[in-house]
Amino acid sequence: MADRARPALHRVLTVVALCGVLAAAASGCSASDGEDTAVPDRSSAAPSTAAAPSANAGGGGAVVLPEPGISFDYQIGGAYPPPPGVRAVSRDRAAQPAPGLYNICYVNAFQAQPDATDWWQAHHPDLLLRSGDAPVVDRDWHEALLDISTAAKREQLAGIVGEWIDGCAAAGFQAVEADNLDSHERSEGLLTADHDLAFGKLLVDRAHARGLAIGQKNAAGLARQGRGLGFDFAVAEECGQYDECGAYADAYDDRVFVIEYKAEGLAAACKSWGRRLSVVLRDRDVVPAGDGGYRRRTC
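This text gives an overview of the structure that appears in the document. All values derive from a computational prediction rather than experimental measurement.

This part is about the overall build of the protein. Secondary structure assignment for the protein yields 7 helices and 16 strands. When the 299 residues of the protein are sorted by exposure, 53% land in the buried category. Taking as baseline every contact in the protein between residues at least 6 positions apart, the subset at least 24 positions apart corresponds to 65%. For the protein, the accessible surface area stands at approximately 11800 Å², while carbon and sulfur atoms represent 51% of it.

Below is the structure:
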């Protein structure tokens, strides 16, 4: 939703989440920290064995689904050695996968990263959603929305984003996280949920053709439709905070990665879903361990 915080690279916000605040509402929490080290070489990355092939597998080979409830870390703001016990991690598409874990590749599929707007203006100005002459911008994060309002533009954009998905597969990721399925909510009425779902279907097909699972990112109200299109799991920000985790859990058979940014959201998610879903609290910038703003808690 427009008033929610959704992390991406180069975003600047902070949050403080104290483990003690959670004790009264949740069975417990744990904190972890890490040190900045060199990113592992991509050649050493290995697919997770704690998952089963999906019936959605395409020409790229069997799609490997994440195991429900496995320990998870959200690292889209910068890669670092995963905390002990973590079995799945999401990292930006420019990063390298973590050896031996289930690796999810973050792609901002429906909006433009703030530092990429000039590139879109220079190379594909017609693919930015516009109100008059001005691009429509997600004001929370200064991200220009992509124009997925017509089949022709969706096909063009799927070609561009599809190359990023191909890169995720080549790098050794097992899955892709397609951010901003809810972009229509910030489109000033120029886009609809059907536009987002139609573009999502193109991304699902591209990911499966490359042997990647693909996760729906946010848009709890579209969870069942997303599953029907072929999305394999969900990445849900603040579903504990907004009491939306159940919609994702029901649609995706508990294959849900939950990221909370506030102590009360983590408490709610842990109390109701901590034994079923993969839940983590992160700072809003999702900075690497070792950075002063780094925060991470689990149930």
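Working note: regular strand, side chains alternate between the two faces of the sheet. Counting buried positions along strand β5 (residues 88-92) yields 5 of 5 residues, so the element is predominantly enclosed. Summarising the sheet, strand β4 (residues 72-75) and β5 pair through 4 bridges and their orientation is parallel. Following the sheet pairing, Asp73 is matched in β5 by Val89.

With that settled, consider the side chain of Asn180. Position of Asn180 relative to the elements: it lies in the loop between β11 (175-178) and α4 (193-209). Side-chain polar atoms of Asn180 contact the side chain of Asn108, separated by 2.7 Å.

Now for the packing of aromatic side chains. Under the counting rule described, the total for this entry stands at 7 aromatic pairs. Considering the side-chain rings of Trp120 and Trp164, the 6.4 Å spacing of their centres and the 80° angle between planes classify their relative orientation as edge-to-face. You can see Trp120 sitting in helix α2 (residues 117-123) and its partner Trp164 sitting in helix α3 (residues 151-171), a full 44 residues away along the chain. Pair check on accessibility: Trp120 and Trp164 agree, each one buried. Grouped by ring-pair contacts, the aromatic residues Phe72, Tyr74, Phe233 and Phe257 constitute a single cluster. If you follow Arg93 out to its NZ or CZ, it ends over the ring of Trp164, 4.1 Å from the centre.

The rules behind the values
- Residues numbered from 1 in each chain as written.
- Predicted model: local features only at pLDDT ≥ 70, side-chain atom pairs only at ≥ 80, totals over all residues.
- Heavy atoms only, no water.
- Helix = DSSP H or I, 4+ residues; strand = E, 2+ residues; numbered from the N terminus.
- Buried < 20%, exposed > 50% of the residue type's maximum accessible area, 1.4 Å probe, protein only.
- Contact = heavy atoms within 4.5 Å.
- Areas by Shrake-Rupley, 256 points an atom, 1.4 Å probe, with all protein chains shown as cover.
- Pairing = 2+ DSSP bridges.
- Polar contact = N/O pair within 3.5 Å; in protein donor to acceptor, adjacent residues only side chain to side chain.
- Phe/Tyr/Trp six-rings, centres within 6.5 Å; stacked < 30°, edge-to-face > 60°.
- Lys NZ or Arg CZ within 6 Å of the ring centre and 35° of its normal.

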